[in-house]
Amino acid sequence: MLSFLPDFIFDAVTQISPSFLRARGVALLLLDFDNTLLPYTENAPSRALLAWIEELQSFGIKLCIVSNSHKERVPQFCRKYAIDCVTHAAKPGTKGVNKAISQFKVSKTQTALAGDQIYTDILAAKRAGITAIAVKSIHNHTILLKLRHLLELPFLAMARNRRVKI
Ligand SMILES: [Mg+2]
């Protein structure tokens, strides 16, 4: 049960500030891709997203995308913006998360994962023993995504005191 509870909840990934991460000793931030950074239907990042990525990097926080996606758009994005990337991550398994962490000289206590799905991102982070940050999905545009979100609501409610507002 506890594995489904995020350590922190943000309204959007871009609200996770460098100072918030630094204060908690996070040196490596793993990022889900679909519906966390970009909607499923969009390949071009917003200016706000790019500015946020640059800001984190300028504070020396390492970033690595860890995505279950098999689609070319994820490595394409990572190449274009020079961000490290693990695809086919098979979250909620921990293989992809551990592979990503092993590429950096950081410990698990210095690593967090931010993602929009409780049953994949949060569960993978908790099982891997790293900080789990839930962010709101950018856009649940299909019925299946909406239904999945309904199933996530109990855990988001249980963790509501962990919401970080800016
Ligand atoms: Mg996602």
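The following refers to the structure shown. (Residues numbered from 1 in each chain as written. Predicted model: local features only at pLDDT ≥ 70, side-chain atom pairs only at ≥ 80, totals over all residues. Heavy atoms only, no water.)

**So, the side chain of Ser67**
Its location among the elements puts Ser67 in the loop between β3 (62-66) and α3 (73-80). With relative accessibility at 1%, the residue Ser67 sits in the buried group. If near-sequence neighbours (up to four positions away) are discounted, Ser67 is found in contact with Phe33, Val74, Val86, Thr87, His88, Ala89 and Lys91. (Helix = DSSP H or I, 4+ residues; strand = E, 2+ residues; numbered from the N terminus. Buried < 20%, exposed > 50% of the residue type's maximum accessible area, 1.4 Å probe, protein only. Contact = heavy atoms within 4.5 Å.)

**A word on the state of the cysteines**
Tallying each qualifying case throughout the model produces zero disulfides. Free cysteine Cys64: the closest other cysteine sulfur is in Cys85, separated by 6.7 Å. Of all cysteine sulfurs in the structure, the one in Cys78 sits closest to Cys85, which takes part in no disulfide; the separation is 3.1 Å. (Disulfide = S-S within 2.5 Å.)

**Structural notes on the pairing of strand β2 (residues 28-31)**
In β2, alternate side chains face the same way, and those of Leu28 and Leu30 on one face and Leu29 and Leu31 on the other are all buried. Bridge count between β2 and β3: four bridges; the pairing is parallel. When the bridges of β3 are listed, Leu28 appears paired with Lys62. Regarding the hand of the β-α-β motif, the stretch spanning β2, helix α2 (residues 47-58) and β3 is right-handed. As defined by bridge partners, β2 adjoins strand β5 (residues 111-115) across four bridges and the pair is classed as parallel. Residue pairing for β5: Leu31 is matched across the bridge by Ala114. (Pairing = 2+ DSSP bridges. Right-handed = clockwise from strand over helix to strand, strands pointing away.)

**Some details on unusual backbone geometry**
Negative phi characterises most residues that are not glycine, and trans characterises most peptide bonds. Here the residue pair Lys91 and Pro92 is connected by a cis peptide bond, since its omega of 15 degrees sits within 30 degrees of zero. Considering the arrangement of structural elements, one finds Pro92 in the loop between β4 (84-86) and α4 (95-102). In the Ramachandran plot, Ala82 falls in the positive-phi region, its phi being about 55 degrees despite a non-glycine side chain. Residue placement: Ala82 occurs in the loop between α3 and β4.

Coordinates in, geometry out; function isn't part of it.
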